[in-house]
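The chain contents come next:
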Amino acid sequence: KVTGRSFVPSVIEPSFGIGRVLYMVFEHSFYVREDDDQKTVFKFPPVIAPTKCALFPLQVKKDFDPMLERISRSLVAAGVSNKVDDSGASIGKRYARMDELGVPFAITVDFDSLKDETVTLRERDSTAQVRLPAAECAGVLSALSSGASSWEEMAGKYPQVEAKA
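Rules behind the numbers
- Starting afresh in each chain, residues are numbered from 1 along the sequence in its written order.
- In view of the model being predicted, local features appear only for residues whose pLDDT reaches at least 70, and side-chain atom pairs are presented and counted only at 80 or more, with totals across whole chains, interfaces and linings using the full set of residues.
- As a rule here, side-chain values cover all heavy atoms of the structure and leave hydrogens and water aside.
- Within the patch definition used here, like charges are joined within 9 Å and nonpolar side chains (Val, Leu, Ile, Met, Phe, Trp, Tyr) within 5 Å, considering only residues with over 30% relative accessible area and no salt bridge.
- Here the accessible surface of atoms and residues is derived via Shrake-Rupley with a 1.4 Å probe, and residues count as covered only by protein chains that are part of the display.
- For salt bridges, the criterion is a side-chain nitrogen of Lys or Arg within 4 Å of an Asp or Glu carboxyl oxygen.
- Each helix is a run of DSSP H or I of at least 4 residues and each strand a run of E of at least 2, with the numbering of both proceeding from the N terminus.
- Joining through side-chain atoms within 4.5 Å is the link that ties buried Ala, Val, Leu, Ile, Met, Phe, Trp, Tyr and Cys residues into a set, and such a set is a nonpolar core.
- A 1.4 Å probe rolled over the protein chains alone gives each residue an accessible area, and that area as a share of the maximum for its type sets the label: buried under 20%, exposed over 50%, partly exposed in between.
- Residues count as neighbours in contact if any of their non-hydrogen atoms are within 4.5 Å of one another.
- Pairing between two strands is assigned when DSSP locates at least 2 bridges connecting them.
- For helices, the axis comes from a line fit to the C-alpha atoms of the stretch in contact; other axes are also lines fit to C-alpha atoms, and the angle between any two N-to-C directions lies between 0 and 180 degrees.
- When describing relative orientation, an angle under 35 degrees is termed roughly parallel and one over 145 degrees roughly antiparallel, while 65 to 115 degrees is termed roughly perpendicular and anything else oblique.
- Handedness of a helix crossing follows the sense of rotation of the near helix relative to the far helix, less than a right angle counterclockwise being left-handed and clockwise being right-handed.
- Each residue is assigned to one of three groups, with Ala, Val, Leu, Ile, Met, Phe, Trp, Tyr, Cys and Pro labelled nonpolar, Asp, Glu, Lys and Arg labelled charged, and all others, Gly among them, labelled polar.
- Any Phe, Tyr or Trp ring, taking Trp's six-membered ring, that has another such ring centre within 6.5 Å forms a pair; planes under 30 degrees apart are called stacked, those over 60 apart edge-to-face, and the others tilted.
- Whether a charge sits over a ring comes down to the Lys NZ or Arg CZ being within 6 Å of the ring centre and within 35 degrees of the ring normal.

(A) The arrangement of a nonpolar patch on the surface in detail. The grouping of F16, I18, V21, L22, M24 and F26 at the surface amounts to a nonpolar patch, some 600 Å² of accessible area in total. In this fold, V21 is placed in helix 1 (residues 18-29).

Next up, the structure:
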């Protein structure tokens, strides 16, 4: 005679560590651009992105350094984390590099910047660009990074920059 007891194991896993939360953020933020399967992007919302803004000189020239340093200091004073990328890579490769890291905004200092004190601000997700005064960068990026303003508001306020083919 066989007798037995039916036992259904049930496991409650009480651990819900930060690793799982980070994995979820990474999983939901990663995508590949439709136009090029080699271009990967972390679409972190600006409020949680570790680095909020990248600063690029158009070319590696000492002429751009004072303006880059001034903008970087104003961003830090406004609480906006930033990274200066003055490598010799093309501007497109630098944009792609920062997109892979999840940096939501990029400022490019070019030759026009030296003449009229304006810079190009690029948004990661739409790749749209606007031209704005360098003195307004810290306030604009602080508002964008905190969620107080949207990219659409800024795109309506400042002149659009058309991508050169």
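Next comes the rest of the description.
(B) Representation of the nonpolar core within the structure. Formed by 25 residues in total, the largest nonpolar core has its most connected members in I71, L75, I107, V119, L121 and L141. Counting only elements with at least two residues in this core, the list comes to strand 3 (53-57), helix 2 (65-77), strand 5 (105-109), strand 6 (118-123), strand 7 (129-133), helix 5 (137-146) and helix 6 (151-157). No other element matches helix 5, which puts five residues into this core. When residues no more than four places from it in sequence are discounted, the contact partners of I71 are L55, I107, V109, V119, A134 and C137. Counting residues in hydrophobic clusters, the runner-up holds six residues, among them A54, F56, Y95 and A106.

(C) Structural view of the sheet that holds strand 4 (residues 82-84). Here we have six strands laid out as an open sheet, ordered 4-3-5-6-7-8, and mixed in their pairing. Either end of the sheet is taken by a strand with one partner, and the two such strands are strand 4 and strand 8 (160-161). Against the sheet, helix 3 (residues 91-101) engages strand 3, strand 4, strand 5, strand 6 and strand 7, with an angle of about 165° to strand 3. The strands touched by helix 5 within the sheet are strand 3, strand 5, strand 6 and strand 7, with strand 5 carrying the most contacts at an inclination of about 165°.

(D) Layout of the packing of helix 2 against helix 5. At a minimum axis distance of 9 Å, the contact between helix 2 and helix 5 shows a crossing angle of 45°. With respect to helix 5, the element helix 2 is oriented oblique. Of the two elements, helix 2 crosses helix 5, and the hand of that crossing is right-handed. When helix 2 is examined against helix 5, the residues I71, S74 and L75 are found in contact with a partner set consisting of C137, A138 and L141. Taken together, the residues of the contact of helix 2 with helix 5 break down into five nonpolar, one polar and no charged.

(E) Molecular detail of the packing of aromatic side chains. Under the definition given, this model contains seven aromatic pairs. Ring centres of F64 and F111 lie 5.2 Å apart, and the angle between their planes is 55°; this geometry places the pair in the tilted category. Of this pair, F64 sits in the loop between strand 3 and helix 2 while F111 sits in helix 4 (residues 111-116), placing them 47 residues apart in sequence. Its relative accessible area of 0% is what places F64 among the buried residues. By the ring-pair criterion, three or more aromatic residues cluster together here, those being F26, F30, F42 and F44. A cation over a ring is seen here: R122 above Y95, with NZ or CZ 4.4 Å from the ring centre.

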